[in-house]
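Here is what each chain is made of, one letter per residue.
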Amino acid sequence: MINKIEIENIDLGNFSEFGHVINKDTTSEKISINQGTTIRHHNISDLELNNEGGVPAISIFSGSPRNLPIEIKIMEKHPIASQSFLPIQNIDWLIVVSKDKNNMPDLDTIRCFDVKGDVGITYNRNVWHHPLLVRKKQEFWIVDRIKKNENSSVNLIEYHFKENEVRHLIF
């Protein structure tokens, strides 16, 4: 039996327990700046990046598509800091998340969201998510926490699924 995950369209309501949807429509405050030539869509995502001596950093991730059907057999979380993904190209992409249960992903709550190419997301600190999932080669600005000489396992916990726990995204 194949365990399938249904793909949902992301919106503010269905993603709110996992993080923030980032686009100019999610802000309640728009500020005219630069002598009226620019609109600032203000504070669209809360970030937690300075915890335990870390500092905010901007990186670029270059993602490649996985073979179909996509097997969901690993989840990860960052217990110290949030992490934001902002697509550089306007290409739709996917995210897979789950709730936590006893410090492991709750496999009964796994959800997959289809994210439009002009939308970014911030995962809240300690949210289980699958590594980057793209449909075409694609790059992302990443805003997250770094700390020199810190072992990656301090802010990265991975859960590798047992064979009977593997889920599939089927298009």
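This text goes with the structure placed above it.
Residues numbered from 1 in each chain as written. Predicted model: local features only at pLDDT ≥ 70, side-chain atom pairs only at ≥ 80, totals over all residues. Heavy atoms only, no water.

A few words now on the overall build of the protein. Looking only at helices and strands, one finds 1 helix and 19 strands in the protein. Oriented by its inertia axes, the alpha-carbon framework of the protein measures out at about 60 × 40 × 30 Å. The burial tally for the protein puts 43% of its 171 residues in the buried class. Considering only contacts in the protein between residues 6 or more positions apart, those separated by 24 or more positions represent 80%. As presented, the protein carries roughly 9900 Å² of accessible surface, and 47% of it is formed by carbon and sulfur atoms. (Helix = DSSP H or I, 4+ residues; strand = E, 2+ residues; numbered from the N terminus. Buried < 20%, exposed > 50% of the residue type's maximum accessible area, 1.4 Å probe, protein only. Contact = heavy atoms within 4.5 Å. Areas by Shrake-Rupley, 256 points an atom, 1.4 Å probe, with all protein chains shown as cover.)

Structurally, Ser98 can be placed in strand β10 (residues 93–98). The contacts of Ser98, once residues within four sequence positions are left out, are Phe18, Met75, Pro105, Asp106, Thr109, Ile110 and Trp128.

With that settled, the discussion passes to the sheet that holds strand β14 (residues 120–123). Reading across the sheet, the 5 strands line up as β3-β14-β9-β17-β6 and stay open at both edges, with antiparallel pairing between neighbours. Looking at the sheet topology across the chains shown, the edges are occupied by β3 (19–22) and β6 (55–63). Pairs of neighbouring strands in the sheet enclose a mean axial angle of 20 degrees, with direction left out of account. Bridging between β3 and β14 involves 4 bridges; their strand directions are antiparallel. Counted as the bridge partner of Ile22 is Gly120 from β14. (Pairing = 2+ DSSP bridges. Axes fitted to C-alpha atoms, helices over the stretch in contact; angles between N-to-C directions.)

This part covers the pairing of β10. Burial runs high along β10: 6 of the 6 residues are buried. Pairing between β10 and strand β13 (residues 111–115): 5 bridges, direction antiparallel. Bridged to Ile95 within β13 is Phe113. Bridge count between β10 and strand β16 (residues 133–134): 2 bridges; the pairing is antiparallel. Bridge assignment links Leu94 to a residue of β16, and that residue is Leu133.

Evaluation of the coordinates by the stated rule reveals 11 salt bridges. Measuring nitrogen to oxygen at the nearest pair gives 2.7 Å for the salt bridge that ties Arg145 to Glu150. It is possible to trace a salt-bridge network through shared partners that takes in Glu8, Glu17, Lys99 and Arg111. (Salt bridge = Lys/Arg side-chain N within 4 Å of Asp/Glu carboxyl O.)

This part takes up the sheet that holds strand β1 (residues 3–5). Strand order across the open sheet formed by 3 strands is β1-β19-β7, with mixed pairing between neighbours. The open sheet is flanked by β1 and β7 (70–72), the only strands paired with a single partner. Recorded for the sheet is a direction-independent mean angle of 40 degrees between the axes of neighbouring strands.

On the surface, Ile58, Ile60, Ile88 and Trp141 cluster together into a nonpolar patch covering about 400 Å² of accessible area. Following the sequence through the fold, Trp141 ends up in strand β17 (residues 138–146). (Patch = residues over 30% accessible without salt bridge, like charges linked within 9 Å, V, L, I, M, F, W, Y side chains within 5 Å.)

Before going further, it helps to spend a moment on the side chain of His78. By secondary structure assignment, the location of His78 is in the loop between β8 (74–77) and β9 (83–87). Among the polar contacts made by the side chain of His78, one reaches the side chain of Glu76 at a distance of 3.4 Å. Not counting residues within four places of it along the chain, the set of residues in contact with His78 comprises Gln83, Arg125, Asn126, His129, Asn155 and Leu156. (Polar contact = N/O pair within 3.5 Å; in protein donor to acceptor, adjacent residues only side chain to side chain.)

The values are spatial; any link to function lies outside them.
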